[in-house]
Amino acid sequence: MGIVLVNMPFLALTNAGFVPSNTQGLADRLAEFVIVAFAQGKFYLLFAFLFGYSLSLMLRRRTADGLRRFRRRLLGLAVLGIGHAVFLFIGDILITYAILGVALLWFVRRDDRIVLRGAAVAYLLGVAVLAAVVVSVANGPQGAEGSGFVADPASLDASLRGSFLDAAAGRLASLPGVLGVLGALNWSFALAMFLLGLAAGRRGVLASPQKYAALWQWLLITGIGIGLPGGLFSALLTVTGHESATREALGAAVGFATAPALTGAYIALTVRWTKRPIMALLEPAGRMSLTGYLGESILLSAIFCGWGLGLFGQISAFPAALIAIGVWFTLDVFASLWLARFHYGPFEWLLRAWSYAQRPPMRIRMRTSMPPDKKVDAYRNKTTDAMMASGGLRGTAPTAPERGRGGAASKAGSNDSSPGMSH
């Protein structure tokens, strides 16, 4: 749900994001505050962590077949991402994952000390870039509205009010600049979480969470002590800073710099709450998070773009947030109904078929009981499904039929040891 709320302003309101014209009411400002404080910059990091974690299982043995599937998967993500960015949502994250995923080919051959040092360097580089942006904005003109990632939001807004092809042409023209902005501001943090996920996957922290109780406790304390205050302060600066470009930039910088701490707390809470009933409700959306992620853009584009209902820029932040939440719940119900008949979501099946160069079985023919040696891996999967359902992106983690075949991903789920692990 987090991803759809973060993307909502750019899909429904304006490519400048939250601005005074769409946050005039108290409910609108409250919606903006909650989204900035608790979701913005947090959930793409959560998925980056899970991306690194799941790919560490795929690349565990580093066989020629595994590396080939990995490269095909990254290419598939890139193609889906470009299509998503051009035809649905300019702020696509799949392109980022595909590009940064290449770095794992180098890090997967290194021990955990190098991987963790790489994560630290990537994070510090991201903080340095944010600081440079704040200084640059402070020395520039003030009063510019919005905190979007599009250089000319008004032009792209006009394109989105036109036909489907008009919208696609507008996004295509804006895409190079958007990739530059997202690369400068987000890629370092995403790479850091990739690498933390890689290290965590080697140790099997989600396969055997009971062994890491101290880690979950530390993540919660860090999230409450650093991530939560940082998110709240960021939201306060953002909500009250629309007339000051410096204040708005500082708010975004604080939010992104402290986001990893709150993301870590979300991971810890999900691990602790895996067996709670609410997680069972979230699990279907987690298993179909790639379909959910793209589906959210499809539905919101149909509602707001000119080729659909044409509501783009016609409503304020609060009702747009309610529509986004409704879209998420609709897709969650769809996932439950779909997975009662099929092994994979539509886009998950497509990506897997491309990655493995063969058509995997789609329809569920019969249900079998789970062997005892798969229970640990099932626990890990429920945890990752719940994490991804809270935000809305999947497509890289092993799925049920794959685990059931006892492949490398399945074995990795029940084995915490790893070649190259530094103790």
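Residues numbered from 1 in each chain as written. Predicted model: local features only at pLDDT ≥ 70, side-chain atom pairs only at ≥ 80, totals over all residues. Heavy atoms only, no water.

J.: I'm lost on the overall build of the protein chain in this one. Help?
T.: A count of helical and extended segments in the protein chain gives 17 helices and zero strands. Taken across its 423 residues, the protein chain has 55% of its residues classed as buried. Here the contacts in the protein chain between residues at least 6 apart in sequence split such that 81% fall between residues at least 24 apart. (Helix = DSSP H or I, 4+ residues; strand = E, 2+ residues; numbered from the N terminus. Buried < 20%, exposed > 50% of the residue type's maximum accessible area, 1.4 Å probe, protein only. Contact = heavy atoms within 4.5 Å.)

J.: So what exactly am I meant to see when it comes to the pattern of salt bridges here?
T.: Tallied over the full model, the rule gives four salt bridges. Across the salt bridge formed by Arg-113 and Asp-111, the nearest N and O atoms sit 3.3 Å from each other. Ionic pairing is found between Arg-203 and Asp-112, a salt bridge with its closest N-O pair at 3.4 Å. Taken as a pair, Arg-203 in helix α8 (residues 164–203) and Asp-112 in helix α6 (residues 112–138) lie far apart in primary sequence, 91 residues in all. Residue class for Asp-112 comes out buried when judged on its relative accessible area of 2%. (Salt bridge = Lys/Arg side-chain N within 4 Å of Asp/Glu carboxyl O.)

J.: What is the right way to read helix α13 (residues 317–339) from this model?
T.: Note: α-helices contain 3.6 residues per turn, so residues at a spacing of three or four share the same orientation. Between the first and last C-alpha of α13 there are 33 Å, a value that for 23 residues agrees with the 33 Å anticipated at 1.5 Å per step. Taken residue by residue, α13 has Ala-317, Ala-320, Ala-321, Ala-324, Val-327, Trp-328, Leu-331, Asp-332, Ala-335 and Leu-339 as its buried positions. (Expected span 1.5 Å × (residues − 1).)

J.: Would you mind showing me how to read empty space enclosed by the protein here?
T.: Where empty space is left in the structure can be found by rolling a water-sized probe over the atoms. Within this structure, the stated rule accounts for eight cavities of 30 Å³ or more. Of the volumes computed, that of the largest cavity is approximately 100 Å³. For the largest cavity, the lining is made up of 13 residues, of which Ala-285, Met-288, Gly-292, Leu-331 and Asp-332 are closest to its centre. Of all the secondary structure elements, the ones that give two or more residues to the lining of the largest cavity are α12 (289–304) and α13. A class-by-class count of the residues in the lining of the largest cavity yields seven nonpolar, four polar and two charged. (1 Å grid on protein atoms, 1.4 Å probe; cavity = no way out; pocket = protein on both sides within 12 Å on 5 of 7 lines; lining within 4 Å. Points joined across faces, edges and corners; volume = space filled by probe spheres on them. Nonpolar A, V, L, I, M, F, W, Y, C, P; charged D, E, K, R; others polar.)

J.: Sorry, what's going on with unusual backbone geometry here?
T.: For residues other than glycine, phi is negative in most cases, and the peptide bonds are mostly trans. Residue Ala-357 is not a glycine yet carries a positive backbone phi of 55 degrees. For Ala-357, the location among the structural elements is in the loop between α14 (346–356) and α15 (375–389). Look at Ala-357 and you get exposed, because its relative accessible area is 57%.

J.: I keep staring at the confidence of the model for the protein chain and nothing clicks. Help me out?
T.: The predicted coordinates should not be examined in detail at positions where pLDDT is low. The pLDDT averaged across the protein chain works out to 86; a share of 84% of its residues lies at or above 70. Between residues 392–423, whose pLDDT stays under 50, and residues either more than four places distant or in other chains, the model counts 99 contacts. (pLDDT = per-residue confidence, 0-100.)

J.: Which parts of the structure should I look at to understand the packing of aromatic side chains?
T.: The geometry of an aromatic ring pair is captured by two quantities: the separation of the ring centres and the angle between the planes. The tally for this structure, following the rule as stated, stands at 13 aromatic pairs. With a centroid separation of 4.8 Å and 85 degrees between ring planes, the pair formed by Trp-106 and Phe-107 is classed as edge-to-face. The exposure class of Phe-107 is buried, given its relative accessible area of 13%. The interplanar angle of 85 degrees and the centroid separation of 5.1 Å between the aromatic rings of Trp-328 and Phe-329 together place this pair among those described as edge-to-face. (Phe/Tyr/Trp six-rings, centres within 6.5 Å; stacked < 30°, edge-to-face > 60°.)

J.: Explanation requested: the packing of helix α3 (residues 43–58) against helix α5 (residues 94–107) in the structure shown.
T.: Pairs of packed helices are described in terms of their axes, by the angle between the two and the distance that separates them. It is the contact of α3 with α5, at a shortest axis distance of 11 Å, that shows an interaxial angle of 40 degrees. Our classification of the angle between α3 and α5 gives oblique. In this structure, α3 crosses over α5, and the sense of that crossing is right-handed. Residues Tyr-44, Phe-47, Ala-48, Phe-51, Gly-52 and Leu-55 of α3 lie in contact with α5, whose contacting residues are Tyr-97, Gly-101 and Leu-104. (Axes fitted to C-alpha atoms, helices over the stretch in contact; angles between N-to-C directions. Parallel < 35°, antiparallel > 145°, perpendicular 65-115°, else oblique. Left-handed = near helix turned anticlockwise from the far one by under 90°.)

J.: What's the story with the environment of Gly-41 in this structure? I'm lost.
T.: With respect to the secondary-structure elements, Gly-41 resides in the loop between α2 (26–38) and α3. On the basis of relative accessible area, Gly-41 is assigned to the buried category, the value being 6%. Through-space distance from the C-alpha of Gly-41 to that of Ala-190 is 9.9 Å; in sequence the pair is 149 residues apart. For Gly-41, the contacting residues outside a window of four places in its chain are Phe-256 and Ala-259.

J.: So what exactly am I meant to see when it comes to helix α7 (residues 153–160) here?
T.: Every buried residue of α7 is accounted for by Leu-156, Asp-157, Ser-159 and Leu-160. Buried residues along α7 cover an arc of 160 degrees about the axis, so they all sit on one side. The inward-facing, buried residues of α7 abut α1 (2–13) and α8. (Arc of directions from axis to C-beta.)

J.: Would you explain the environment of Ile-90 in this entry?
T.: Relative to the assigned elements, Ile-90 resides in the loop between α4 (64–87) and α5. Ile-90 gets classed as buried once you look at its relative accessible area, which sits at 4%. For Ile-90 and Arg-171, which are 81 residues apart along the polypeptide, the C-alpha to C-alpha distance reads 5.9 Å. Those residues in contact with Ile-90, other than ones at most four positions away along the chain, are Asn-15, Ala-85, Phe-149, Val-150, Leu-156, Arg-171, Ser-174, Leu-175 and Val-178.

J.: Can you walk me through the side chain of His-84 in this structure?
T.: Position of His-84 among the secondary structure elements: in helix α4. Taking the relative accessible area as the measure of exposure, His-84 reaches 1% and is therefore buried. In this view, His-84 contacts Phe-89, Asp-92, Tyr-293, Leu-294 and Ser-297; residues no more than four positions away in its chain are not counted.

J.: How do you make sense of the packing of α1 against α12 when you look at a structure like this?
T.: In contact at an axis separation of 10 Å, α1 and α12 are set at 30 degrees when each is read in the N-to-C sense. When the interaxial angle is binned, α1 and α12 end up roughly parallel. Judged by the twist between their axes, the crossing of α1 over α12 is right-handed. For the pair α1 and α12, contact is made by Ile-3, Val-4, Asn-7, Leu-11 and Ala-12 and by Tyr-293, Glu-296, Ser-297, Leu-300, Ser-301 and Phe-304, respectively. Of the residues belonging to the contact of α1 with α12, the class tally is seven nonpolar, three polar and one charged.

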